[in-house]
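# Per-entry structural report
Now for the letters of each chain:
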Amino acid sequence: MASPPRRVSSLLYSLLPSSLAPIPLFHALPIYPLLLSSVFSPSLSRSLSSSMAPELQQDGDGTSAHAALHKTKVTVVGSGNWGSVAAKLIASNTLRLSSFHDEVRMWVFEETLPSGEKLTDAINRNNENVKYLPGIKLGKNVVADPDLDNAVNGANMLVFVTPHQFMEGICKRLVGKIKGDVEAISLIKGMEVKMEGPCMISTLISEQLGINCCVLMGANIANEIALEKFSEATVGYRENRAIAEKWVHLFSTPYFIVTPVQDVEGVELCGTLKNVVAIAAGFVDGLEMGNNTKAAIMRIGLREMKAFSKMLFSSVKDSTFFESCGVADLITTCLGGRNRKVAEAFARGGGKRSFDELEAEMLQGQKLQGVSTAKEVYEVLSHRGWLEFFPLFATVHEICIGSLPPSAIVEHSERKPEL
Ligand SMILES: NC(=O)c1ccc[n+]([C@@H]2O[C@H](COP(=O)([O-])OP(=O)(O)OC[C@H]3O[C@@H](n4cnc5c(N)ncnc54)[C@H](O)[C@@H]3O)[C@@H](O)[C@H]2O)c1
Ligand SMILES: O=P(O)(O)OC[C@H](O)CO
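Residues numbered from 1 in each chain as written. Chains lettered and ligands numbered in written order. Predicted model: local features only at pLDDT ≥ 70, side-chain atom pairs only at ≥ 80, totals over all residues. Heavy atoms only, no water.

### Points about the overall build of the protein
Along the protein, the regular secondary structure elements total 20 helices and 10 strands. Counting all 419 residues of the protein, 53% fall into the buried class. For the protein, the share of sequence-separated contacts (at least 6 apart) that also reach a separation of at least 24 residues comes to 71%. Surface exposure of the protein reaches about 18500 Å², of which carbon and sulfur atoms provide 54%. (Helix = DSSP H or I, 4+ residues; strand = E, 2+ residues; numbered from the N terminus. Buried < 20%, exposed > 50% of the residue type's maximum accessible area, 1.4 Å probe, protein only. Contact = heavy atoms within 4.5 Å. Areas by Shrake-Rupley, 256 points an atom, 1.4 Å probe, with all protein chains shown as cover.)

### Here we look at the site of ligand 2
Every residue near ligand 2 is listed here: Lys189, Gly218, Ala219, Asn220, Ile221, Lys274, Asp329, Thr333, Gly337, Arg338 and Asn339. In the environment of ligand 2, an oxygen atom lies 3.0 Å from a nitrogen or oxygen atom belonging to the backbone of Asn220. Here ligand 2, which alone exposes 300 Å², has 91% of that area covered by the protein. Those elements that place two or more of their residues in the shell around ligand 2 are helix 15 (324-336) and helix 16 (338-348). Tallied by class, residues from the shell around ligand 2 come to two nonpolar, five polar and four charged. (Near = heavy atom within 4 Å. Polar contact = N/O pair within 3.5 Å; in protein donor to acceptor, adjacent residues only side chain to side chain. Nonpolar A, V, L, I, M, F, W, Y, C, P; charged D, E, K, R; others polar.)

### What to know about the packing of aromatic side chains
Within the structure shown, the criterion is met by 10 aromatic pairs. Ring centres of Phe308 and Phe393 lie 6.1 Å apart, and the angle between their planes is 85°; this geometry places the pair in the edge-to-face category. One end of the pair, Phe308, is in helix 14 (residues 291-312); the other, Phe393, is in helix 19 (residues 391-400), with 85 residues separating them in the sequence. Per residue, the accessibility class of Phe308 equals that of Phe393, and both read buried. (Phe/Tyr/Trp six-rings, centres within 6.5 Å; stacked < 30°, edge-to-face > 60°.)

### Quick notes on the nonpolar core
By size, the foremost hydrophobic cluster in this structure holds 51 residues, and its most contacted members are Phe283, Met305, Phe308, Phe355, Phe393, Val396 and Ile409. Among the elements that take part in this core, helix 13 (residues 264-286) stands out by supplying 13 residues, more than any other. When near neighbours in sequence (up to four residues on either side) are disregarded, Phe308 contacts Met191, Leu269, Leu273, Val377, Val380, Leu381, Trp386, Phe390 and Phe393. Core analysis: the second largest hydrophobic core is formed by 46 residues, Leu97, Met106, Ala144 and Tyr237 among them. (Core = buried A, V, L, I, M, F, W, Y, C linked by side-chain atoms within 4.5 Å.)

### Looking at the UniProt feature "domain: Glycerol-3-phosphate dehydrogenase NAD-dependent N-terminal" (unreviewed entry) in the protein
As annotated by UniProt and renumbered to match this structure, "domain: Glycerol-3-phosphate dehydrogenase NAD-dependent N-terminal" (unreviewed entry) occupies residues 73-240. Helix makes up 30% of residues 73-240 and strand 27%. Its end C-alpha atoms lie 20 Å apart. (UniProt positions renumbered as here; feature names shortened; annotations may be inferred.)

### Remarks on helix 18 (residues 370-384)
For helix 18, spanning 15 residues, the distance from its first C-alpha to its last is 21 Å, which sits close to the expected 21 Å at 1.5 Å a residue. Those residues of helix 18 that sit buried are Gly370, Thr373, Ala374, Glu376, Val377, Tyr378, Val380 and Leu381. Residues of helix 18 that are buried in the fold lie against strand 6 (191-194), strand 7 (197-200), helix 13, helix 14, helix 16 and helix 19. Following helix 18 by one or two positions, Gly385 adopts a phi angle in the positive range, close to 70°. (Expected span 1.5 Å × (residues − 1).)

### Brief notes about the sheet that holds strand 8 (residues 212-217)
The mixed open sheet is built from eight strands, whose spatial order is 3-2-1-4-5-8-9-10. Because the sheet does not close on itself, it has two edges, and the strands there are strand 3 (142-145) and strand 10 (256-261). Ignoring strand direction, the axes of neighbouring strands in this sheet form an average angle of 25°. In this structure, strand 1 (residues 72-77) lies alongside strand 4 (residues 157-160), joined through four bridges in parallel fashion. (Pairing = 2+ DSSP bridges. Axes fitted to C-alpha atoms, helices over the stretch in contact; angles between N-to-C directions.)

### So, the pattern of salt bridges
A pair can form between side chains of opposite charge whenever their charged atoms are brought close. Under the criterion given, the structure shown has 20 salt bridges. For the salt bridge of Arg340 with Asp285, the shortest nitrogen-to-oxygen distance reads 2.7 Å. With a gap of 55 residues between them, Arg340 in helix 16 and Asp285 in helix 13 connect regions that are remote in the sequence. Here Arg340 matches Asp285 in class, with each residue buried. In this structure, Arg348 engages Glu288 in a salt bridge whose closest nitrogen and oxygen atoms are separated by 2.8 Å. Here Arg348, found in helix 16, pairs with Glu288, found in the loop between helix 13 and helix 14; they are 60 residues apart in sequence, far enough to count as distant. Note on Arg348: relative accessible area 47%, which makes it partly exposed. (Salt bridge = Lys/Arg side-chain N within 4 Å of Asp/Glu carboxyl O.)

### Points about the environment of Ala278
Positionally, Ala278 belongs in helix 13. By relative accessible area, which is 0% here, Ala278 ends up buried. As a C-alpha pair, Ala278 and Gly402 span 124 residues in sequence and 18 Å in three-dimensional space. Other than its neighbours up to four places away in sequence, Ala278 contacts Thr333, Cys334, Asn339 and Arg340.

Right, dumping it as structure tokens:
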């Protein structure tokens, strides 16, 4: 396991309780996530103190059959860029934590590679997702499986991480196949719009499958986390703090710090809506308007994210926008994400080449979420008569569909003072 970067590790080191501070950092690494969780969350510290010791014990002379029966099985549903990194993170922890089965199953939407080999076979042969995360070993305990039913069979914890447009179909295939006590988490940034109104992906999963669903969002460009560069994330949960802590436990590593927040809608809407702002930021880059303009667009976008979230769900907390899922994800996506990159190319070409065409050419099978999310948000705004309150969100959609030129992003996004 790579050591955390020195500045971060020394900061965290200085935050450790004094009784632990003398332990050299590499000795503390196996318990690092627990220590970090404790440092950043006093209540988590309290609840972990009772359960910490068994997790830290080696299995020694072999786990008993009884204990093995009660180990938690984790399946990752999805194997794109982030899906593969999520499987890698989780697999490093299931090996380390004795309450989990070592093996992490990863459902693969099967495809044939140019070599003629099936993607699943290539992943299992190389221990690497050669298409969506080339060059990164996932961990020998990650097993790719193209059969969705088989992949989820017997799993106690399901991690959903596919592009949002595929989730309704996946849920339909899983109806009746998941036990009610299974816990789920969604890493998916996006939403569905139904006749009744907007439906968050975690709600879709909960309602269709009859299971509880948390969310994990954050400033998480997958390729950087794959290289074990320090990042943070936010787990959003509804009521059950203990379940949120289990997810924190499963995802945390020395370089991936996860904080639980009781605001599932706020966390999920942050992750979803920042993709629309990232498209706007890409337009600004494509038009070479500079950093001040981009910062202005990000500020206006953040304001609309907050207003939209609160108008949909009055329970959404202001503080959520200051977590990793909020302002940090907005910044990283507007600087280095795929939505930004493709939107920049769109604006450079004067909007003549469609997003679908550019996505296929530039992302090689990876999917954008921002363009469809802008359309979904626009539908909600029109239906509710809110368009005039969200000029940036509305303008992004109108540019994406060719009704406005890319330059409209600054002309229309902010109401200017009357001259
Ligand atoms: N990549 C990142 O940096 C990142 C970071 C955080 C969150 N996310 C979010 O995670 C989610 C998944 O993104 P990703 O980056 O893992 O995927 P991706 O965009 O890299 O890959 C696309 C995936 O979709 C699959 N796919 C294609 N057609 C399909 C179909 N018909 N049905 C089901 N699956 C199909 C492909 O096999 C592939 O696994 C998205 O909501 C994204 O916003 C991504
Ligand atoms: O590459 P993007 O634009 O899909 O963004 C990736 C992540 O959501 C960043 O946290």
